[in-house]
Amino acid sequence: MSDPENTTARRIEGTPKVVVTRHLMPSVEARMRELYDATLNPDDHPMSREQLAAAMADCDVLVPTVTDRIDADLIAGAGERLKLIANFGAGTDHIDLAAAAKRKIMVTNTPSVFTDDTADIAMLGIIGVPRRIREGVELVRSGKWTGWAPSGMLGRKIGGKVLGIVGMGRIGQAVAHRAKAFGLDIAYHNRKRLPEAVERMLGARFVGDLDTLVAEADILSLHCPATQDTIGMLDARRIGLMKPGASLINTARGELVDQEALISALEQGHLAGAGLDVYPDEPNVDKRLIRHPNVMTLPHIGSATAEGREASGEKVIANIRFWADGHRPPDQVLDALV
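Values in this document were obtained by computation on a predicted structure and should not be read as measured data.

What to know about the overall build of the chain
When you go through the chain residue by residue, the secondary structure sums to 14 helices and 12 strands. For 338 residues, the compact-globule estimate of 2.2 N^0.38 gives 20 Å, and the chain sits close to it at 22 Å. In terms of its C-alpha atoms, the chain occupies a principal-axis envelope of roughly 70 × 50 × 30 Å. Each of the 338 residues in the chain was classed as buried or not, and the buried ones make up 48%. Taking the contacts inside the chain whose residues are at least 6 apart along the sequence as the reference set, 62% of them involve residues at least 24 apart. Of the accessible surface of the chain, which amounts to about 16,400 Å², a share of 53% is contributed by carbon and sulfur atoms.

Structure below.
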């Protein structure tokens with residue numbers, strides 16, 4: 001349970017000093033300049049650990065993104081004036097929430113705004129991998145395509161296939177909603193079962209055992225955060241449980257999957273392909289994944305829409321304004337997670 005002092009912001013006298021770690025949408029940065037003493041990042045370079053430490057030593061509010069690892073040591077070394085980490089994005093697994101609570105630093109995020117955008121990218125993989133879209137694009141671009149043939153570029157239809165969704169939060173449910181229209185049989189695993197009415201609406205059935213879901217799915221799609229319980233959850237053993245010819249889609253976090261085991265399963269032909277938008281060592285992508293003809297390697301673009309990025313920036317601004325005015329921000333995450 002968090003300290004009660006973490007639940008109530010105190011009104012800030014004067015203009016808060018805000019450090020934004022990455023380049024945001026122009027309209028968002030312009031508004032931040034109007035409202036705050038804002039230090040921005042116009043060339044969008046990822047800040048080094050030393051730069052993060054320097055920023056946290058001398059600001060009231062830090063606005064990090066998923067590329068910034070805000071660990072316990074950085075938080076312990078932060079200046080006394082740092083009282084709010086207003087994260088740009090919904091995920092907060094890159095921030096040590098317990099360390100922030102110990103220092104009485106509030107943490108906010110920007111939930112919901114990227115739900116549909118990420119679900120759309122997941123559907124791209126769910127459709128594109130069984131239909132060998134990446135391989136088809138390469139064939140045309142290479143100039144080696146010789147024309148239509150009855151047995152050319154045969155993929156697999158998705159209607160009637162089992163889509164296994166791991167993590168049935170906002171994004172998982174949005175994927176299920178889309179997949180239902182394509183005639184997929186939707187099964188899901190989640191920490192808590194959804195209400196029966198939601199299951200009926202989505203046409204989804206609950207599978208309480210993750211191994212059972214993994215073994216049953218023709219297409220497995222991951223939609224859970226990277227936590228102590230989920231990091232490496234799709235290891236060699238579980239990948240071995242997947243059906244021969246199954247596909248893996250990961251738009252959540254690269255750390256959820258044992259990458260060596262995945263590559264081995266792909267190279268041995270156990271898995272038909274994969275659709276990946278995230279990787280364990282971003283921006284580095286293993287060349288074996290890039291070379292595989294049926295692995296769609298995307299550059300972490302699940303949330304990359306102008307509309308979503310603007311909405312996320314607006315939420316950051318709103319959270320800072322509530323906090324600076326002495327009110328509880330609408331998207332405070334600390335109490336729920338610590």
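Structural notes on the UniProt feature "domain: D-isomer specific 2-hydroxyacid dehydrogenase NAD-binding" (unreviewed entry) in the chain
Residues annotated by UniProt as "domain: D-isomer specific 2-hydroxyacid dehydrogenase NAD-binding" (unreviewed entry) correspond here to residues 126-302. The span residues 126-302 is 33% helix and 18% strand, and its two end C-alpha atoms sit 14 Å from each other.

Describing the nonpolar core
Counting residues in each nonpolar core, the largest one holds 32 residues, and the members touching the most others are Leu220 and Leu222. Going through the elements one at a time, strand 6 (162-166), helix 9 (210-216), strand 9 (219-222), strand 10 (246-250), helix 11 (259-267) and strand 11 (271-276) are the ones with two or more residues in this core. Tallying contributions element by element places helix 11 first for this core, with 5 residues. Dropping the residues within four chain positions of it, Leu222 is found in contact with Val166, Met233, Leu234, Leu248, Ile249, Asn250, Thr251, Ala252, Leu256 and Val257. Residues Ile126, Ala174, Leu202 and Met296 belong to the second largest nonpolar core, which totals 22 residues.

Some points on the sheet that holds strand 3 (residues 61-63)
On the basis of which strands lie adjacent, the open sheet formed by 5 strands has the order 2-1-3-4-5 and parallel pairing. For this open sheet the edge positions go to strand 2 (37-39) and strand 5 (106-108), each flanked by a neighbour on one side alone. Ignoring strand direction, the axes of neighbouring strands in this sheet form an average angle of 15°. As paired strands, strand 4 (residues 84-86) and strand 5 are joined by 3 bridges and run parallel to one another. In the strand pairing of strand 5, Ala86 is matched with Thr108. Contacts between helix 13 (residues 306-324) and the sheet are confined to strand 1 (17-20), strand 3, strand 4 and strand 5, with strand 4 contributing the most and set at about 160° to the helix.

Considerations on the UniProt feature "domain: D-isomer specific 2-hydroxyacid dehydrogenase catalytic" (unreviewed entry) in the chain
Using the residue numbers shown here, the UniProt feature "domain: D-isomer specific 2-hydroxyacid dehydrogenase catalytic" (unreviewed entry) corresponds to residues 18-333. Across residues 18-333, the secondary structure splits into 37% helix and 15% strand, with the terminal C-alpha atoms separated by 19 Å.

Looking at the domain arrangement of the chain
By the assigned domains, the chain splits into domain 1 (17-109 + 305-325) and domain 2 (114-297). Around 530 Å² of area is buried between domain 1 and domain 2 when both sides are counted, 53% of it from carbon and sulfur atoms. At the boundary of domain 1 and domain 2, one finds 1 salt bridge. For Asp93, the salt bridge identified is with Arg253, shortest N-O distance 3.2 Å. Between domain 1 and domain 2 we count 2 residue pairs in polar contact (both at pLDDT 80 or more) in total. Here the side of domain 1 that touches domain 2 is built from residues that sort into 2 nonpolar, 5 polar and 3 charged.

Some words on the pattern of salt bridges
In the structure shown here, the tally under the stated rule is 21 salt bridges. The partner of Arg22 in a salt bridge is Asp44, with the nearest N and O atoms 3.0 Å apart. Here the residue Arg22 occupies a position in the loop between strand 1 and helix 1 (26-35), and Asp44 occupies one in the loop between strand 2 and helix 2 (49-56), the gap between them amounting to 22 residues. Arg132 serves as the salt-bridge partner of Glu135, at 3.0 Å between the closest nitrogen and oxygen. Residue Arg132 is classed as partly exposed on the basis of its relative accessible area of 22%. Connected through shared salt-bridge partners, Lys17, Asp58, Asp60 and Arg81 make up one network.

Description of the sheet that holds strand 9
Strand order in the open sheet formed by 7 strands is 8-7-6-9-10-11-12, and the pairing between neighbours is parallel. What marks the edges here is a single partner per strand, and that holds for strand 8 (204-206) and strand 12 (295-297). Between one strand axis and the next, the sheet turns by 20° as a mean value, whatever way the strands run. Sheet analysis places strand 11 next to strand 12, joined by 3 bridges and oriented parallel.

Things to note about helix 5 (residues 115-128)
For helix 5, built from 14 residues, the straight-helix expectation of 20 Å at 1.5 Å per residue is met to within 8% by its first-to-last C-alpha distance of 20 Å. Of all 14 residues making up helix 5, 10 are buried, and the element is well covered by its neighbours. Those residues of helix 5 that fall on the buried side of the exposure criterion are Thr115, Asp117, Thr118, Ala119, Ile121, Ala122, Met123, Gly125, Ile126 and Gly128.

Cut-offs and rules
Residues numbered from 1 in each chain as written. Predicted model: local features only at pLDDT ≥ 70, side-chain atom pairs only at ≥ 80, totals over all residues. Heavy atoms only, no water. Helix = DSSP H or I, 4+ residues; strand = E, 2+ residues; numbered from the N terminus. Rg over C-alpha atoms; globule rule 2.2 N^0.38 Å. Buried < 20%, exposed > 50% of the residue type's maximum accessible area, 1.4 Å probe, protein only. Contact = heavy atoms within 4.5 Å. Areas by Shrake-Rupley, 256 points an atom, 1.4 Å probe, with all protein chains shown as cover. UniProt positions renumbered as here; feature names shortened; annotations may be inferred. Core = buried A, V, L, I, M, F, W, Y, C linked by side-chain atoms within 4.5 Å. Pairing = 2+ DSSP bridges. Axes fitted to C-alpha atoms, helices over the stretch in contact; angles between N-to-C directions. Domains from an automatic or database assignment. Buried area = accessible area lost by both parts, 1.4 Å probe. Salt bridge = Lys/Arg side-chain N within 4 Å of Asp/Glu carboxyl O. Polar contact = N/O pair within 3.5 Å; in protein donor to acceptor, adjacent residues only side chain to side chain. Nonpolar A, V, L, I, M, F, W, Y, C, P; charged D, E, K, R; others polar. Expected span 1.5 Å × (residues − 1).

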